[in-house]
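Residue strings, one per chain:
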Amino acid sequence: MMPCILQRIQVEIVSKQSPHRPRLFLIDGSSYIFRAFYAIRHLSNSRGLPTNAIFGFTQMLLKILKEHRPEYLAVVFDSKAPTFRSDVYKEYKANRPSMPDALIPQIPYIKKVIDGYRIAILEMDGYEADDIIGTVAKAVEPEVDVVIITGDKDILQLVGKRIQVYDTMKERRIGEEEVKERFGVRPEQVVEVMGLSGDTIDNIPGVPGIGEKTAIELIKNFGSIENLIKNLDLIPKRLKEKLETHAELAILSRRLATINTNVPITFRIEDFAINPPDLKRLKEIFKELEFNKFLKELPEEREILKRDYHLITEQNQFLALLEELRKAQTFSIDIETTSPYPMWAELVGLSISYIPHQAFYIPLGHIPHEGYSQLSSEWVLEQLKPILEDENIKKVGQNIKYEWIVLKRHGIDLRGIEFDTMIASYLLNPTKHNHNLSEIAREYLDRPLTDYKELVGSGQKAVTFNQVDLERAKKYSCEDADVTLQLFHLLHKRLEEEGLNDLYDQVEGPLIIVLGKMEMNGVKIDIDLLRDFSKEIETQLLQRMERIYSLAGEVFNINSSQQLGKILFEKLKLPVIKRTKTGYSTDVEVLEKLSLQHDLPLEILGYRNLNKLKSTYIDALPKLVHPETGRLHTSYNQTVTATGRLSSSDPNLQNIPIRSEEGTRIRQAFIPEKGCLIASADYSQIELRILAHLSQDERLIEAFMRDEDIHARTASEIFGVPMENITPSMRREAKVINFGIIYGMSAYGLSQQLGSEPKIAQDYIDEYFRKYTGVKDYIQKSLKEARDKGYVTTLLSRRRYLPEMNSQTSAIRQASERMAINTPLQGTAADIIKLAMIRIQNRIEELSLNTKMIMQVHDELVFEVPEEEIPKALSMIQNEMEKVITLSIPLRVSIHYGKNWAEAH
C-alpha cells in the first residue's frame with residue numbers, strides 16, 4: 001500500500017502482460033463528497049454526528065467496486081493549500097460557498113472508510129484533484145484504460161481513446177464521441193470553449209457577453225483562441241469588439257481551465273491495486289456511524305466460535321434439559337412461530353439457553369418431512385409449564401412480551417421475567433434507530449447473526465418458519481437464545497453503571513406484562529358502522545374529485561404528484577415553493593401555503609385527508625379484527641420514541657384525529673362488550689404541571705394550586721386583561737403560547753401557529769418570560785446542563801442524549817435545544833402514565849375487577865368497564881393516576897364514559 005499523502009517523486013509504470021487491458025478508476029473525491037452531501041439531506045447517528053455524505057460516498061464507492069470490478073482504483077482530493085490558479089487570478093473559485101458545517105466533521109470519516117477498503121488516497125499541496133487525476137491518467141494511459149469518476153465538465157478535456165469519464169449519478173460513460181456531441185469540438189478543445197465562455201462554478205471569467213453556445217461555434221470555426229484572435233476581421237462586429245477588449249482575459253481563463261498534467265508526483269501502478277478490505281477497521285467505523293446496511297454487507301471473518309447447540313427430539317433429552325432448568329438460576333427463552341404478530345402466531349418451536357454459548361432447540365410445529373422427528377407440543381408445554389410459571393427461576397428474552405403473549409394463549413403464565421435485552425438497549429441509547437437482536441449483538445458482542453430472511457426467504461417465495469429444515473431452524477433459534485443470554489449479562493451491568501436500573505425495575509420491566517395483557521384484551525369494533533361510514537366517505541371523495549377537476553379545468557390523477565404539480569405550477573402559475581428530485585413538491589406544507597392563494601390546494605388537502613383516513617382506519621380496521629376474539633389487537637412499543645412515550649402499531653391507534661368530525665366517527669366504532677361501557681381517563685395539562693414542578697415558577701404553581709384555567713391565566717398575564725374579560729380567541733392564543741414554550745418554539749414557529757408576524761410572537765414570548773421568570777430560569781438551566789452533560793433526564797432519570805447541542809449548524813443546534821427543553825417534560829409525562837398503568841393493573845387484579853385496560857393514547861387511558869363496576873373502577877383509576885407521583889402541584893385526571901370511545905371523550 002502507498003502512503004495516504006503522496007509526495008514528490010517520479011512516475012514509474014510497470015507493464016503487465018494481460019490478454020486484456022486492465023482499468024484504473026480515478027474518483028474525484030472532492031466532487032463526490034459534495035454530491036453525496038446534497039443527495040442525502042438528513043442522516044446522522046444516534047450521537048448526532050451528521051453521516052449523510054459518508055453514507056452516500058460509501059454507497060457510491062461500493063457500487064463501483066461491485067458493478068465495475070476495477071483492477072486499480074484511487075480516490076483523489078483537493079488540498080486546502082492555494083494553487084497556481086489563485087495566484088494568477090485571486091477571484092478564482094471566489095463565488096464558491098464555504099463548506100457546510102455539517103460536512104466538515106464527515107471528511108475524516110470518508111477518508112477512514114476509503115483507507116478501510118485499502119484504496120489509495122491522492123492529494124498534494126498546491127494542486128487540485130483535477131491536476132493529479134490528469135497527471136496520473138496521462139502517465140498510465142499507455143498501459144491501462146482510465147475511467148475518471150466525476151460530474152465536473154472541465155475534466156472532459158482529458159478524454160481520449162484510453163481515457164473516459166463516467167458520471168455515476170447519471171450512469172453515463174463519456175468518450176470522445178460524447179464530448180463532440182456535448183461541445184461540438186474535440187476533447188482537447190474544451191478548454192478553448194471554457195476560455196471564451198468561462199465557468200460560473202469556478203468563477204472563471206471568460207469573455208463578458210460570450211456564452212457557451214457562441215464559444216462553441218467560434219472554436220469549431222477557428223480551432224483555438226489564438227487563431228480566433230488572429231482572424232477577428234472574419235467575425236461579426238459585436239463579437240470582434242468584445243474579443244479585442246478581453247483577449248487577455250480569454251487567454252487567462254483558458255489557463256485557469258486547463259488541467260496541469262505535469263504534477264511532480266510519483267507512484268507505481270501497483271499502488272492502486274485492489275486489495276482485500278480491512279474488515280476489523282471497517283466494522284469499527286460502520287458501528288460508530290451506525291451504518292447497519294454496510295455492516296451486513298461486509299464479508300464475515302472466519303472465526304471459530306464455541307457453539308454447543310442441540311436439537312431436542314427425544315423425551316429423555318427433553319427431561320434431562322428440564323432437570324438442568326430447575327437448577328438454573330436464569331435462562332433465556334426464544335419462541336419461533338408462523339407470524340410476527342403474537343395474537344395470530346402459531347407455535348413452531350422454542351429455544352432455551354442457560355449457559356453462554358450453549359442452547360437447545362425444541363421443535364413443536366414443523367411440517368413433517370423425511371427424517372423428521374419432534375415431540376408432542378401439548379406434552380412439552382405441559383412439562384415446561386411449572387418451570388415457566390415459577391417466579392423464582394428467572395427468564396430473560398429479547399422482546400419477551402411476544403413470548404409472554406404466545407405462551408399465555410397456550411395456557412402458560414410466564415412468570416419470573418428478569419430482563420428484556422431490547423428494552424435495556426433502548427434505555428442505554430433511546431435515539432438509536434433500531435434495537436432488534438442482530439443490531440444489539442453487532443454493537444455489544446461484535447457478532448453478526450443469521451438474517452431471518454436467509455432462512456425463510458422474502459417476497460412471494462417466502463415460507464413460514466414451520467417449513468424450515470430442523471437443523472437450520474436449530475442453528476438460528478439457538479443462536480438467538482444464546483446471544484440473548486450473553487447480552488443479558490452484559491447489558492444488566494451497563495444499566496447499573498449508567499444509573500438506569502431503577503427505571504428498568506420500577507417502570508419498563510413491570511410494564512412488559514401490563515402491555516401484554518392490554519394487547520390481549522384488545523378492543524371491540526363496530527364493523528357495520530365502519531362499513532357504512534366507508535360508503536359515506538366514498539361519496540364525499542367523489543364529490544371532492546368533481547370540485548378538484550372543476551377548479552383544475554381538467555381531469556387528472558389526483559394521487560400523482562407530478563400531474564398535480566403541472567396543474568398547480570404550470571397551468572395555474574402558482575408560485576413554486578420547493579422542489580424534489582423528481583420535480584415540484586406538493587407536500588402538506590406546500591399545499592397549506594398555496595391554499596391562501598387558490599381553492600384547489602385546499603380541496604386537495606381535504607381529499608388527501610379523507611382518503612388517508614379511509615384507507616388507514618375506516619377500511620383497514622375491520623380486516624384486522626381477530627377471528628377468534630372478535631376484537632382488534634394493536635401492539636404497544638416500548639422502544640421506538642426517544643422521549644419514552646409508548647407508540648402503537650398494526651394498527652396505530654394514536655394517530656386517529658381528535659378534533660375532526662371524521663375522527664369522532666371512527667372513535668364511535670370503538671365499542672364495549674354487552675353490559676359494559678367505555679371509560680376514558682385523561683391527564684389534564686400534565687406537561688404544564690410538570691413544568692410548574694420542575695421550574696418552581698410561583699405564578700404557575702399558584703395557578704394550578706387554585707385549579708385555575710391555566711390558558712386563561714396565561715392570557716391574563718400576557719395581554720394584561722382580567723381573567724373574567726378573557727375572550728375565547730385570547731385563550732386560544734395563550735394555549736398556543738403555553739405549548740409553544742414547552743416545545744421550545746422559536747418566534748417564527750410561534751408566529752406560524754398564531755398567524756401573526758414574528759415580531760408580535762417574539763413580544764408574546766418576551767412578555768411570558770417577564771411574568772414567568774421561573775420558567776425562563778429553568779429553560780436556561782436545562783440548556784446549560786444539556787450542553788455540559790450531552791444529555792437531559794426526566795424525573796425518573798430516563799436519559800436522552802443530545803450531542804447536537806454544540807453543533808455549528810444553527811438549524812441542528814436549535815432543534816437539539818428544543819428537544820432539551822421538551823424531553824424532560826414529555827419524558828416525565830410518559831414515565832408517569834406508565835407508572836399509572838402498572839398501578840392500575842395491579843389494583844384491578846387486587847380488587848378482582850372485570851374492568852379491562854384496553855388502550856393507551858398519549859396522556860389518555862381507555863378502559864372497558866362492566867356497568868356495575870363503573871363507580872368503583874372509575875374512582876380507583878382516578879385515584880391511582882392522580883396519586884401516582886408526588887409533585888409540587890396536584891395532578892388532575894378527567895374521566896368520562898359512554899357507549900363508545902367518542903362518547904367517553
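Residues numbered from 1 in each chain as written. Predicted model: local features only at pLDDT ≥ 70, side-chain atom pairs only at ≥ 80, totals over all residues. Heavy atoms only, no water.

> Any chance you could break down the overall build of the protein chain for me, citing the residues and the numbers?
What the protein chain contains, in helices and strands, is 35 helices and 25 strands. Its C-alpha atoms give the protein chain principal-axis dimensions of about 105 × 80 × 55 Å. The buried share of the protein chain, reckoned over its 905 residues, is 53%. Counting contacts in the protein chain only where the partners sit at least 6 residues apart, residues at least 24 apart contribute 69% of the total. (Helix = DSSP H or I, 4+ residues; strand = E, 2+ residues; numbered from the N terminus. Buried < 20%, exposed > 50% of the residue type's maximum accessible area, 1.4 Å probe, protein only. Contact = heavy atoms within 4.5 Å.)

> Lay out helix α2 (residues 52-68) in plain terms, naming residues and giving numbers.
When the terminal C-alpha atoms of α2 are compared, their 24 Å separation across 17 residues agrees well with the 24 Å that a helix rising 1.5 Å per residue should span. Within α2, 13 of the 17 residues are buried, which leaves it mostly tucked inside the rest of the structure. The positive-phi residue at the C-terminal boundary of α2 is R69, with phi of around 45°. (Expected span 1.5 Å × (residues − 1).)

> Which residues make up unusual backbone geometry, and what are the values?
The peptide bond linking D650 to P651 adopts the cis configuration, its omega dihedral lying at 0°. Structurally, P651 can be placed in the loop between β18 (647-649) and α26 (661-668). Here the phi dihedral of N399 falls at roughly 55°; this positive angle occurs in a residue that is not glycine. By the element assignment, N399 lies in the loop between β11 (394-397) and α15 (400-409). Phi at S848 takes a positive value of approximately 55°, unusual for a residue other than glycine. Here S848 is to be found in the loop between α34 (810-846) and β23 (852-857).

> Account for the confidence of the model for the protein chain, with residues named and values stated.
Summing up the model confidence of the protein chain, the mean pLDDT is 89 and the portion of residues at 70 or higher is 96%. Below a pLDDT of 50 lies the segment residues 1-19, which in the model reaches 48 contacts outside its immediate sequence neighbourhood of four places, other chains included. (pLDDT = per-residue confidence, 0-100.)

> How would you explain the sheet that holds strand β19 (residues 670-671) if you had to name every residue and give the values?
The strand order across the open sheet built from 3 strands is β16-β13-β19, with neighbouring strands paired in antiparallel fashion. Both outer strands of the open sheet, β16 (631-632) and β19, are each paired with one neighbouring strand and no more. As judged from the 2 bridges shared by strand β13 (residues 523-525) and β19, these two strands associate in the antiparallel manner. Bridge pairing in β19 places I525 opposite F670. (Pairing = 2+ DSSP bridges.)

> Mind laying out a nonpolar patch on the surface, listing which residues take part and the relevant values?
Taken together, the side chains of F34, Y38, M99 and I104 present a nonpolar region at the surface, about 350 Å² in accessible area. Tracing the backbone through its elements, the reader meets M99 in the loop between α3 (84-88) and α4 (107-116). M99 gets classed as partly exposed once you look at its relative accessible area, which sits at 34%. (Patch = residues over 30% accessible without salt bridge, like charges linked within 9 Å, V, L, I, M, F, W, Y side chains within 5 Å. Areas by Shrake-Rupley, 256 points an atom, 1.4 Å probe, with all protein chains shown as cover. Salt bridge = Lys/Arg side-chain N within 4 Å of Asp/Glu carboxyl O.)

> Quick rundown of the environment of L196? Include the residues and the values.
Mapped onto the elements of the fold, L196 is located in helix α7 (residues 190-197). The sequence separation of L196 and H246 amounts to 50 residues, and the corresponding C-alpha distance is 9.5 Å. Setting aside residues no more than four positions away along its own chain, L196 makes contact with G206, V207, I210, A215, L218, I219, I225, L228, L243 and A250.

> Any chance you could break down the sheet that holds strand β20 (residues 676-683) for me, citing the residues and the numbers?
Adjacent strands of a sheet pair through backbone hydrogen bonds, lying either parallel or antiparallel. Strand order in the open sheet formed by 4 strands is β23-β24-β20-β25, and the pairing between neighbours is antiparallel. Edge strands, defined here as strands with exactly one partner in the open sheet, are β23 and β25 (893-898). Neighbour to neighbour, the strand axes of the sheet diverge by 20° on average, direction disregarded. Two strands pair when backbone bridges link them, and β23 and strand β24 (residues 860-866) are joined in this way by 5 bridges, in the antiparallel orientation. Bridge pairing links M853 to F863 in β24. In this fold helix α35 (residues 870-882) packs onto β20, β24 and β25, with an angle of close to 155° to the strand it touches most, β25. (Axes fitted to C-alpha atoms, helices over the stretch in contact; angles between N-to-C directions.)

> Describe the pattern of salt bridges, listing the residues and the values that go with them.
Counting across every chain of the model gives 67 salt bridges. A salt bridge links E498 to R799; the shortest N-O distance between them is 2.8 Å. Residue E498 is located in the loop between α19 (470-497) and α20 (501-521), and its partner R799 is located in strand β22 (residues 799-801); the two are separated by 301 residues in the primary sequence. E603 is the salt-bridge partner of R544, the closest N and O atoms lying 3.1 Å from each other. Here the residue R544 occupies a position in helix α21 (residues 527-552), and E603 occupies one in helix α24 (residues 599-618), the gap between them amounting to 59 residues. Ionic contacts of the salt-bridge type, sharing partners, join the residues R699, E702, R706, E708, R713 and E717 into one network.

> So, the nonpolar core: which residues are in play, and what are the values?
Residues F670 and Y683 are the most contacted members of the largest nonpolar core, which totals 170 residues. Among the elements that line this core, the one with the most residues is α34, at 12 residues. Those residues in contact with F670 that sit more than four places away from it in its chain are V523, K524, I525, L621, L632, L653, I656, I678, M855, N900 and W901. (Core = buried A, V, L, I, M, F, W, Y, C linked by side-chain atoms within 4.5 Å.)

> Please give an account of helix α29 (residues 710-719) that cites residues and values.
Every α-helical turn comprises 3.6 residues, leaving residues that sit three or four positions apart pointing alike. Counting buried residues in α29 gives 9 out of 10 residues, a clear majority hidden from the surface. Listed as buried for α29 are I710, H711, A712, R713, T714, A715, S716, E717 and I718. In this structure, the buried side of α29 is in contact with α27 (686-695), α28 (698-705), α30 (728-742) and α32 (758-771). Positive backbone phi, at 65°, marks G720, one or two positions downstream of α29.

> Quick one: what's the story with the packing of helix α16 (residues 421-428) against α19, residue by residue and with numbers?
Where α16 meets α19, the axes come as close as 10 Å, and the angle between the chain directions of the two elements is 35°. Crossing of α16 over α19 shows left-handed handedness. Across the interface between the two elements, T421, A424, S425, L427 and L428 from α16 touch T484, L487, F488, L491, R494 and L495 from α19. Grouping the constituent residues of the contact of α16 with α19 by class yields 7 nonpolar, 3 polar and 1 charged. (Left-handed = near helix turned anticlockwise from the far one by under 90°. Nonpolar A, V, L, I, M, F, W, Y, C, P; charged D, E, K, R; others polar.)

> I'd like a rundown of the packing of aromatic side chains, residues and numbers included.
What the rule picks out here adds up to 21 aromatic pairs. Judged by centre distance (6.0 Å) and plane angle (50°), the rings of F465 and Y476 are tilted. On the criterion of sequence distance, the pair formed by F465 in the loop between α18 (452-456) and α19 and Y476 in helix α19 is long-range, its members being 11 residues apart. Like Y476, F465 is buried. Aromatic side chains Y549 and F556 sit 6.1 Å apart centroid to centroid with 75° between the ring planes, which places their arrangement in the edge-to-face category. Judged by relative accessible area, which is 7%, F556 ranks as buried. Ring pairing ties together the aromatic residues F55, F286, F291 and F294, which thus form one cluster. (Phe/Tyr/Trp six-rings, centres within 6.5 Å; stacked < 30°, edge-to-face > 60°.)

> Report on the pairing of strand β1 (residues 23-28), specifying residues and quantitative values.
Of all 6 residues that make up β1, 5 are buried, and the element is covered over most of its length. Where β1 lies against strand β4 (residues 145-149), 5 bridges are found, and the strand directions are parallel. Across the sheet, the residue bridging to I27 is I149, located in β4.

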